[in-house]
Amino acid sequence: MSISESFLDTIFTVTDPDARLRKPGALFEFETWRAGDALPAGAAVGGFKTIPKNSKVKVEQIKIEPSGSQSKIVFALVAPAAGGAALGWTSTRNFSGSFRNVTLGKIAPAPGAGQFGPNAAWKGGAYQGQITLVQIVDRTLEIEYLSEAIVEPYQKMVAAAAADGIAILLNSGFRTYANQKYLYEGYVAGRPGFNKAAKPGSSNHQHGIALDIDTAGGLGSPTYDWLAKHATRFGFIRTVPSEAWHWEHRPAAAATARAAGKHQL
Ligand SMILES: [Zn+2]
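Residues numbered from 1 in each chain as written. Predicted model: local features only at pLDDT ≥ 70, side-chain atom pairs only at ≥ 80, totals over all residues. Heavy atoms only, no water.

### Quick notes on the coordination of the zinc ion
Here is step 1 of the chain: The protein atoms that coordinate the zinc ion are His205 (NE2), Asp212 (OD) and His246 (ND1), at distances spanning 2.0 to 2.1 Å.
Here is step 2 of the chain: Mapped onto the sequence, the residues coordinating the zinc ion show the spacing H-x6-D-x33-H. One end of the pair, His205, is in the loop between helix H2 (177-188) and strand S15 (210-213); the other, His246, is in strand S17 (residues 246-249), and 41 residues separate them in sequence. For the pair His205 and His246, a shared accessibility class is recorded, and that class is buried. (Donors = N, O, S within 2.8 Å, 3.2 Å for Na, K, Ca; no water. Helix = DSSP H or I, 4+ residues; strand = E, 2+ residues; numbered from the N terminus. Buried < 20%, exposed > 50% of the residue type's maximum accessible area, 1.4 Å probe, protein only.)

### Concerning the packing of aromatic side chains
Here is step 1 of the chain: Across all of its chains, the model carries 13 aromatic pairs by this definition.
Here is step 2 of the chain: Measuring from centroid to centroid gives 4.7 Å for Phe116 and Tyr177, while their planes differ by 70°, and the two rings are edge-to-face. Residue Phe116 is found in the loop between strand S9 (103-107) and strand S10 (120-123), and its partner Tyr177 is found in helix H2; the two are separated by 61 residues along the sequence.
Here is step 3 of the chain: Linked through ring pairs, Phe116, Trp122, Tyr127 and Tyr177 together constitute an aromatic cluster.
Here is step 4 of the chain: Positioned above the aromatic ring of Phe48 is the side chain of Arg20, whose terminal nitrogen or guanidinium carbon lies 3.8 Å from the ring centre.
Here is step 5 of the chain: Note that Lys63 overlies the ring of Trp89, its terminal NZ or CZ placed 4.9 Å from the centroid. (Phe/Tyr/Trp six-rings, centres within 6.5 Å; stacked < 30°, edge-to-face > 60°. Lys NZ or Arg CZ within 6 Å of the ring centre and 35° of its normal.)

### Looking at the sheet that holds strand S16 (residues 236-238)
Here is step 1 of the chain: Taken in spatial order, the 4 strands make up an open sheet running S14-S15-S17-S16, and their pairing is antiparallel. The outermost strands of the open sheet, each flanked by one partner alone, are strand S14 (170-172) and S16. Neighbouring strand axes in the sheet, compared pairwise and without regard to direction, differ in orientation by 40° on average.
Here is step 2 of the chain: Against the sheet, helix H1 (residues 148-163) contacts S14, S15, S16 and S17, and its axis sits at roughly 80° relative to S16.
Here is step 3 of the chain: Set on the sheet, helix H3 (residues 222-230) makes contact with S15, S16 and S17; between it and S17 the angle comes to about 30°. (Pairing = 2+ DSSP bridges. Axes fitted to C-alpha atoms, helices over the stretch in contact; angles between N-to-C directions. Contact = heavy atoms within 4.5 Å.)

### Some remarks on the nonpolar core
Here is step 1 of the chain: Core analysis: the biggest nonpolar cluster contains 24 residues, and Phe12, Val59, Phe95, Phe99 and Leu104 have the highest contact counts within it.
Here is step 2 of the chain: Secondary structure elements with two or more residues in this core: strand S6 (56-66), strand S7 (72-80), strand S12 (133-137) and strand S13 (143-147).
Here is step 3 of the chain: Two domains each put at least three residues into this core: domain 1 (6-99) and domain 2 (103-259).
Here is step 4 of the chain: Residues in contact with Phe95, not counting those within four places in the same chain, are Phe12, Thr13, Val14, Thr15, Val57, Val59, Ala76, Val78 and Thr90.
Here is step 5 of the chain: Core analysis: the second largest hydrophobic core is formed by 22 residues, Val134, Ile136, Leu146 and Val158 among them. (Core = buried A, V, L, I, M, F, W, Y, C linked by side-chain atoms within 4.5 Å. Domains from an automatic or database assignment.)

Take a look at the structure:
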């Protein structure tokens, strides 16, 4: 199993009834049936080529393309899970739930990258150095980034929760300096949609150990209760008294808390 490219080892289910195939050289355009094609039942010349709902597929290759200013779409070249020729390119949003927590590859620091670059880690207002990041699909099917060091314990926790019928979904992972600055400035200016945010350089989301997990309902929700019981086994501990969703990978602190029957710092 590839920790940083889990899409290569996963079988996905097409859940969208209108999962259209894309043109290989122009992924924002759709493939259509042409005269002379062997048309499946119900298809017509000029109609969109689609992958039938509930198809099981494997992903052979991905391409990540920007879609709007903050958003990205992950396209996949898919083949039948049972084997055979590739079906073509489609949006992984057509796999919806089954694509969450999938890892999409590493981003290593660029040579000579600086303290405000995309891989720069910060702690307590001080620059810490460069870290390798792994791209991962969040709750809303957008891409988040985790420090490579915490991907394996995170995925083990996700798998253990799934075995108990609990979906661990990510809302936020690593933030770049620029990202934290944007959130902080929005918070200070009181812009709508901006929550309380730490000063750039001093958020725990900037050194790669912090996760915001969807704990809808907070204390007493099935996800929260599961985390309270099990997260420390994977080295994760809750650290912010007012934020039920904020967990950090601090193995030593988590082990101490666990021994004391706690799940919080
Ligand atoms: Zn947080």
